[in-house]
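One-letter residues, chain by chain:
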Amino acid sequence: RLEYTPDLPAERSGGDLDASGTLARVLPAARSGKEVMLLCVGGEGSMRMGANLVLNLASLGLRHMLLFAPKQEVCEGVWEVLP
């Protein structure tokens with residue numbers, strides 16, 4: 001089975017996209033080769049669905065993703081429930 005894992009994995013990589021250099025810093029931790037999946041979740045009510053999506057994709061060997069959320073608290077909540 002083919003596995004897609006980030007080129008330069010990092011623990012809890014991320015940051016505020018309004019801050020200069022954030023995307024350039026986090027992209028290597030999310031891409032596999034020239035591919036990256038962009039996942040967008042809504043507010044706090046969608047954290048469970050976002051975490052479920054991440055876990056389902058990982059079970060298929062797809063681990064090269066970048067999660068976008070409107071607030072930092074949403075991203076932190078998703079990180080808390082992921083293994």
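Structure: see above.
Notes on the structure in this doc start here.

1. Some points on the nonpolar core
As a rule of thumb, soluble globular proteins bury nonpolar side chains together. Among the nonpolar cores identified, the biggest contains seven residues, and these are Leu39, Ala51, Val54, Leu57, Met65, Val78 and Leu82. For this core, the leading source of residues is helix α2 (residues 47–59), giving three residues. Once residues within four sequence positions are removed from consideration, Leu82 is found in contact with Ala51, Val54 and Leu55.

2. Focus: α2
Here α2 spans 18 Å end to end across 13 residues, near enough to the 18 Å set by a 1.5 Å rise per residue. Within α2, the full set of buried residues consists of Gly50, Ala51, Val54, Leu57 and Ala58. With its buried residues spanning 130° around the axis, α2 presents them on a single face. Among the exposed residues of α2, those oriented more than 90 degrees off its buried face are Arg48 and Met49. Turning to α2, the residues buried within the fold contact β1 (37–40), β2 (65–68) and α3 (72–81).

3. What about the pairing of β1?
Relative to β2, β1 runs parallel, the two being bridged by four bridges. Within β2, the residue paired with Leu38 across the bridge is Leu66. At this point the chain moves from β1, through α2, to the parallel β2, and the crossover so formed is right-handed.

4. Notes on α3
Taken residue by residue, α3 has Val74, Gly77 and Val78 as its buried positions. Angularly, the buried residues of α3 cover 100° about the axis, an arc narrow enough to put them on a single face. Exposed residues pointing more than 90 degrees away from the buried face of α3 are listed as Gln72 and Glu80. Structurally, α3 contributes buried residues whose contacts are with α2 and β2.

Conventions we followed
- Residues numbered from 1 in each chain as written.
- Predicted model: local features only at pLDDT ≥ 70, side-chain atom pairs only at ≥ 80, totals over all residues.
- Heavy atoms only, no water.
- Core = buried A, V, L, I, M, F, W, Y, C linked by side-chain atoms within 4.5 Å.
- Buried < 20%, exposed > 50% of the residue type's maximum accessible area, 1.4 Å probe, protein only.
- Helix = DSSP H or I, 4+ residues; strand = E, 2+ residues; numbered from the N terminus.
- Contact = heavy atoms within 4.5 Å.
- Expected span 1.5 Å × (residues − 1).
- Arc of directions from axis to C-beta.
- Pairing = 2+ DSSP bridges.
- Right-handed = clockwise from strand over helix to strand, strands pointing away.

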